[in-house]
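Structural overview for review
Take a look at the letters that make up each chain.
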Amino acid sequence: QVNPSAYLDGTLDLSRRWSLNLGLRYDVYSFNYTEDRYDSLSGHRVLSRASPKMNWYYQATDNTQFYLRTGMGFHSNDARSVVVGGNDNNLPVAYGADLGSTFKPAPRVLMNVALWGLYLQSEIVYAGDGGTVEINNPTQRLGVDFGLRYQLSKKLYADMDVNYAHGRILNVPSSEERIPLAPEITTIGGLAYKQDKGLNATIRYRFIGDRPANEENTVTAKGYFLIDAGASY
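Figured I'd write up the structure that's included with this text. (Residues numbered from 1 in each chain as written. Predicted model: local features only at pLDDT ≥ 70, side-chain atom pairs only at ≥ 80, totals over all residues. Heavy atoms only, no water.)

With respect to the helices and strands, the residue N55 is situated in strand β3 (residues 43–61). What makes N55 buried here is its relative accessible area of 11%. At a separation of 3.4 Å, a polar atom in the side chain of N55 contacts the main-chain amide nitrogen of T70. (Helix = DSSP H or I, 4+ residues; strand = E, 2+ residues; numbered from the N terminus. Buried < 20%, exposed > 50% of the residue type's maximum accessible area, 1.4 Å probe, protein only. Polar contact = N/O pair within 3.5 Å; in protein donor to acceptor, adjacent residues only side chain to side chain.)

Let us now look at the sheet that holds strand β1 (residues 5–13). With antiparallel pairing, the 11 strands of this open sheet are ordered in space as β1-β2-β3-β4-β5-β6-β9-β10-β11-β12-β15. Of all strands in the sheet, those with a lone pairing partner are β1 and β15 (224–232), marking the two edges. Recorded for the sheet is a direction-independent mean angle of 10° between the axes of neighbouring strands. (Pairing = 2+ DSSP bridges. Axes fitted to C-alpha atoms, helices over the stretch in contact; angles between N-to-C directions.)

Tallied over the entire structure, the rule returns 7 salt bridges. For D27, the salt bridge goes to R25, with nearest N and O atoms at 2.7 Å. Of the charged contacts, one joins R204 and D159 as a salt bridge, the two residues approaching to 2.8 Å between their closest N and O atoms. Placement of the pair is R204 in strand β12 (residues 200–208) and D159 in strand β10 (residues 156–169), with a sequence separation of 45 residues. Here R204 falls in the partly exposed class, since its relative accessible area comes to 31%. (Salt bridge = Lys/Arg side-chain N within 4 Å of Asp/Glu carboxyl O.)

What follows covers the packing of aromatic side chains. When we look at a pair of aromatic rings, we describe it by the centre distance and by the angle of the planes. Throughout the structure, instances matching the rule amount to 5 aromatic pairs. With a centroid separation of 4.9 Å and an interplanar angle of 45°, the aromatic rings of W18 and Y58 are classed as tilted. Of this pair, W18 sits in strand β2 (residues 18–33) while Y58 sits in strand β3, and the two are 40 residues apart along the sequence. A residue is classified by how much of its surface remains accessible, and W18, at 41% relative accessible area, is partly exposed. Residue Y58 is classed as partly exposed on the basis of its relative accessible area, which comes to 27%. The interplanar angle of 15° and the centroid separation of 5.6 Å between the aromatic rings of Y29 and F31 together place this pair among those described as stacked. Each member of the pair Y29 and F31 is classed as buried. An aromatic cluster is present here, built from Y29, F31 and F74 joined pairwise through their rings. In this structure, R69 packs its charged tip against the face of Y67, placed 3.9 Å from the ring centre. (Phe/Tyr/Trp six-rings, centres within 6.5 Å; stacked < 30°, edge-to-face > 60°. Lys NZ or Arg CZ within 6 Å of the ring centre and 35° of its normal.)

Glancing now at unusual backbone geometry. In this model, L181 sits at a positive phi of 70°, which is unusual for a non-glycine residue. Along the chain, L181 turns up in the loop between β10 and β11 (185–193). Phi at N217 is positive, roughly 60°, even though this residue is not glycine. Inspection of the secondary structure puts N217 in the loop between β13 (211–212) and β14 (220–221). By relative accessible area, N217 is classed as partly exposed at 33%.

A separate point is a nonpolar patch on the surface. A surface patch of nonpolar side chains, amounting to about 730 Å² of accessible area, comprises L12, L14, W18, L22, M54, W56, L68 and L99. At the level of secondary structure, the elements contributing two or more residues to the nonpolar patch comprise β2 and β3. In this structure L12 comes out as partly exposed when scored by relative accessible area, which is 49%. (Patch = residues over 30% accessible without salt bridge, like charges linked within 9 Å, V, L, I, M, F, W, Y side chains within 5 Å. Areas by Shrake-Rupley, 256 points an atom, 1.4 Å probe, with all protein chains shown as cover.)

Set out below in structure tokens:
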């Protein structure tokens, strides 16, 4: 899979507090897939996608900014579904928007809160029986994000992100609308001790909650909690 791309971005200051950011990304994908069992699953295809962006920013105070970010994107499917499927959803469009604020309630504290939504033209689903990936129904996700950055001292930093996502498959019965393996609750964070010379150290965690393993939510994929620690001199 080869993916050359180009991106153009510009920001216009409309006033002392308002600014508008516009962007356009253009991607070309070349998919090559060779299947050593069945020649019918092999193939080559070239696809392209233009993705515009538009973001509004309002600087309420020196320490508080509000924003509305919107744009189109896509997800690049597994090469097998592209070369075999041959339909128009092989680079499914994604429409996204998030409304939020970044602010500093204290000199060494930076916080971010955002509401967001994401619509995918189709969701890719792995079909284990055939070892292929299928193009499935569109999906919708709505959620909220919270982020915190805190400089505890001159050399000690803390950060944490907590995310909630409500995702559903569209155009299916309510009993079959769960997105397999799509998490609802995720959070990451940690502590970092940083200095130019000498000892540096980090300890970080990552958590993903339980999530449905199939569309009917009759099988649950267990969540997990990981801790990583490192040090360098």
